[in-house]
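Structure assessment
Residues per chain are reported as follows:
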Amino acid sequence: MRAARRVVVKIGTNALTHATGRFNRAHFDALSEDLLWAAQGRELVVVSSGAIALGVERLGLPARPKDIPGKQACAAVGQSRLMRAYEEAFDRANRRVAQLLLTHGDVQDRRRYLNVKHALEHLLEAQVVPIINENDTVSVDELKFGDNDTLAGLVAGGVEADALIILSDVEGLFTADPRKNPDARMLPQVDAVTPELLALAGGSGSQVGTGGMTTKVRAAARAAESGVRCVITSGAVPGRLRSVLSGEPVGTLFESSGSRRSARTAWIAHALKPKGRLLVDAGAREAVTAGKRSLLPSGIRSVEGDFGRGDPVDLVDAQGQVFARGLSAYDDGELRRIAGLKSSDIESVLGYRYLDEAVHRDDLAVL
Ligand SMILES: Nc1ncnc2c1ncn2[C@@H]1O[C@H](COP(=O)(O)OP(=O)(O)O)[C@@H](O)[C@H]1O
Ligand SMILES: N[C@@H](CCC(=O)OP(=O)(O)O)C(=O)O
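Not measured: the values here are computed from a predicted model.

Some words on the overall build of the protein
Looking only at helices and strands, the protein features 14 helices and 13 strands. What you see for the protein is a C-alpha radius of gyration of 22 Å, in line with the 21 Å of a compact globule of 367 residues. Expressed along its principal axes, the backbone C-alpha trace of the protein runs to roughly 70 × 40 × 40 Å. Counting across all 367 residues of the protein, residues that qualify as buried make up 53%. Here the protein has roughly 16200 Å² of accessible surface; of this, 49% comes from carbon and sulfur atoms. Looking at charge distribution, the protein has the averaged site of its 47 positive side-chain charges lying 3 Å from that of its 46 negative ones.

Have a look at this one:
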């Protein structure tokens, strides 16, 4: 961690607010000091939550609204307050910040994804600290990341960061939710994210948080898979960020799992929401995973969903496990007609043939 030069820090609502949801100015000031320290000699990207909570407070509402327009309105009010706080804190140290508000649609489309990535690269080169949040005011269900842990994981993979640090109100990942179980122990390191580990991570125990530990562990796993080391620690305790970046053993560390995925493969694996599922036989699974080959129509048993050419689809094995994601070379109707057939039969069945493969190797990410 001491060697990390490009760092993404995700700040959860809980790290910015009192338990009541009110903005915690003292926490924020301490946290901004840590961020400014981290930004010296490093490229820093901040993914910050807090817009809805700050909007709730500014509008004098008794609680966080449950309905979407209510949340959208709070986010619109709170986001400018949030940015003002960052702007003022960084200004004092003569550092510049920039606001980026993203929706899932911005990363689902490869061209827009690259646009975002290029803008981020440019800002970092100009030594500006990008402060990113989901554009809650215009995001509705299918365009939503849903939580900033997921967004931060995608950003970290996208900018090929060295480290992702997730700051919450707990010291790390515990064996159970420490709010509910006083005997829970913190895990200092996670080498593999197994279903058992995911089962330890519960939802948000607070009134203001969104994803809880589940989304943090998933984001950490994705980041680790993309070659980014990740630490989950507390943003409520001053100095934790400095400790992590000084190489001290605080929080829960998720080791990166070896090689960095290519940027395109990481995008296919993590940035895309699948529009359909291809159920494949054991031979096809073997060819795609161990054989590192394309998926041919002959290995497809059935097709689910409504998707077009080039849309993301999940590859599912006979046990129902999703083991890969890729871009389909055919739409769902075409694939239904050629499923189980040899590639040499595609043309006689469809009357044309784009590719021999249903999902080409270059468009595949094994999960
Ligand atoms: N196994 C666990 N270890 C640690 N925290 C957990 C665990 N399971 C659930 N949690 C809850 O997750 C919360 C942090 O997530 P969340 O409320 O979404 O915060 P943030 O605003 O930082 O994203 C903790 O306050 C805790 O109550
Ligand atoms: N985008 C929302 C926060 C969403 C979110 O993931 O919140 P949190 O779990 O507190 O990180 C906001 O700014 O209020």
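Having seen it, we continue.
Some words on the side chain of Asp332
Following the sequence through the fold, Asp332 ends up in helix α13 (residues 332-338). Using a relative accessible area of 13% as the deciding quantity, one classes Asp332 as buried.

Points about the packing of helix α7 (residues 148-158) against helix α9 (residues 212-225)
The geometry of a pair of packed helices is captured by two quantities: the angle between their axes and the separation between those axes. Contact geometry for α7 and α9: axes closest at 8 Å, N-to-C directions at 10 degrees. Between α7 and α9, the angle is such that the two are roughly parallel. For the pair α7 and α9, the contacting residues are Asp149, Thr150 and Gly153 in the first and Gly212, Thr215, Lys216, Ala219 and Arg222 in the second.

Thoughts on the packing of aromatic side chains
Applying the stated criterion across every chain yields a total of five aromatic pairs. With a centroid separation of 5.2 Å and 35 degrees between ring planes, the pair formed by Tyr330 and Tyr354 is classed as tilted. Here the residue Tyr330 occupies a position in the loop between β12 (322-327) and α13, and Tyr354 occupies one in the loop between α14 (346-350) and β13 (364-366), the gap between them amounting to 24 residues. Residue classification places Tyr330 among the buried residues on the basis of a relative accessible area of 0%. Here Tyr354 falls in the partly exposed class, since its relative accessible area comes to 36%. Seen from their ring centres, Tyr352 and Tyr354 are 5.4 Å apart, and the 45 degrees between their planes marks the pair as tilted.

A short note on unusual backbone geometry
The backbone phi angle of Asn94 is positive, close to 60 degrees, even though this residue is not glycine. Locating Asn94 in the fold gives a position in the loop between α4 (68-92) and β3 (97-102). A positive phi is found at Glu160, a non-glycine position, where the angle reads about 50 degrees. One can find Glu160 in the loop between α7 and β5 (163-168). Among the residues examined, Glu160 registers a relative accessible area of 35% and is labelled partly exposed.

Here's the deal with the sheet that holds strand β4 (residues 129-134)
Ordered in space as β3-β4-β2-β1-β5-β7-β8-β6, the eight strands form an open sheet in which the pairing is mixed. Among the strands making up the open sheet, the edge pair consists of β3 and β6 (189-190). When strand β1 (residues 6-11) meets β5, the two strands line up parallel, connected through five bridges. Directly across from Val8, in β5, lies its bridge partner Leu164. Where α9 meets the sheet, it contacts β1, β5, β7 (229-234) and β8 (252-254), and its direction lies at approximately 170 degrees from that of β5.

Re the site of ligand 2
In the vicinity of ligand 2 there are 14 residues, among which Lys10, Thr13, Ser49, Asp136 and Asn148 approach most closely. At 2.9 Å, a backbone N or O of Ala51 approaches an oxygen atom of ligand 2. In isolation ligand 2 has 380 Å² of accessible area, and contact with the protein removes 97% of it.

Section: helix α12 (residues 282-289)
Count 3.6 residues to each turn of an α-helix, and residues three or four apart come out pointing the same way. By the burial criterion, the buried members of α12 are Ala284, Ala287 and Val288. Seen from one end, α12 has its buried residues packed into an arc of 95 degrees, which puts them on one side. Against the buried residues of α12 lie β9 (276-280), β11 (312-316), β12 and β13. Capping of α12 at its N-terminal end is provided by Asp281; its side-chain oxygen lies 3.3 Å from the backbone amide nitrogen of Gly283.

Some words on the sheet that holds β9
Judged by pairing direction, the sheet is mixed, and its five strands sit side by side in the order β10-β9-β11-β12-β13 without closing on themselves. At either end of the open sheet lies a strand with only one pairing partner, and these are β10 (300-305) and β13. The sheet shows a mean angle of 20 degrees between the axes of neighbouring strands, direction not considered. Relative to β11, β9 runs parallel, the two being bridged by four bridges.

Some details on the domain arrangement of the protein
Domain assignment breaks the protein into domain 1 (6-258) and domain 2 (263-366). Averaged C-alpha coordinates put domain 1 and domain 2 at centres separated by 34 Å. With 14 residues of domain 1 at the contact, the number on the domain 2 side is nine residues. Carbon and sulfur atoms make up 51% of the area that domain 1 and domain 2 hide from each other, which totals about 1000 Å². Summed over the three residues of domain 1 that lose the most area to domain 2, namely Gln108, Arg110 and Arg222, the buried surface amounts to 46% of that side. Across the domain 1-domain 2 interface, the total number found is three residue pairs in polar contact (both at pLDDT 80 or more). When residues of the side of domain 1 that touches domain 2 are traced back to their parent elements, those giving at least two are α5 (105-108), α6 (110-125) and α9. When its residues are assigned to classes, the side of domain 1 that touches domain 2 shows three nonpolar, three polar and eight charged.

Definitions and cut-offs
Residues numbered from 1 in each chain as written. Chains lettered and ligands numbered in written order. Predicted model: local features only at pLDDT ≥ 70, side-chain atom pairs only at ≥ 80, totals over all residues. Heavy atoms only, no water. Helix = DSSP H or I, 4+ residues; strand = E, 2+ residues; numbered from the N terminus. Rg over C-alpha atoms; globule rule 2.2 N^0.38 Å. Buried < 20%, exposed > 50% of the residue type's maximum accessible area, 1.4 Å probe, protein only. Areas by Shrake-Rupley, 256 points an atom, 1.4 Å probe, with all protein chains shown as cover. Lys, Arg positive; Asp, Glu negative; His and termini not counted. Charge placed at Lys NZ, Arg CZ, Asp CG, Glu CD. Axes fitted to C-alpha atoms, helices over the stretch in contact; angles between N-to-C directions. Parallel < 35°, antiparallel > 145°, perpendicular 65-115°, else oblique. Contact = heavy atoms within 4.5 Å. Phe/Tyr/Trp six-rings, centres within 6.5 Å; stacked < 30°, edge-to-face > 60°. Pairing = 2+ DSSP bridges. Near = heavy atom within 4 Å. Polar contact = N/O pair within 3.5 Å; in protein donor to acceptor, adjacent residues only side chain to side chain. Arc of directions from axis to C-beta. Domains from an automatic or database assignment. Buried area = accessible area lost by both parts, 1.4 Å probe. Nonpolar A, V, L, I, M, F, W, Y, C, P; charged D, E, K, R; others polar.

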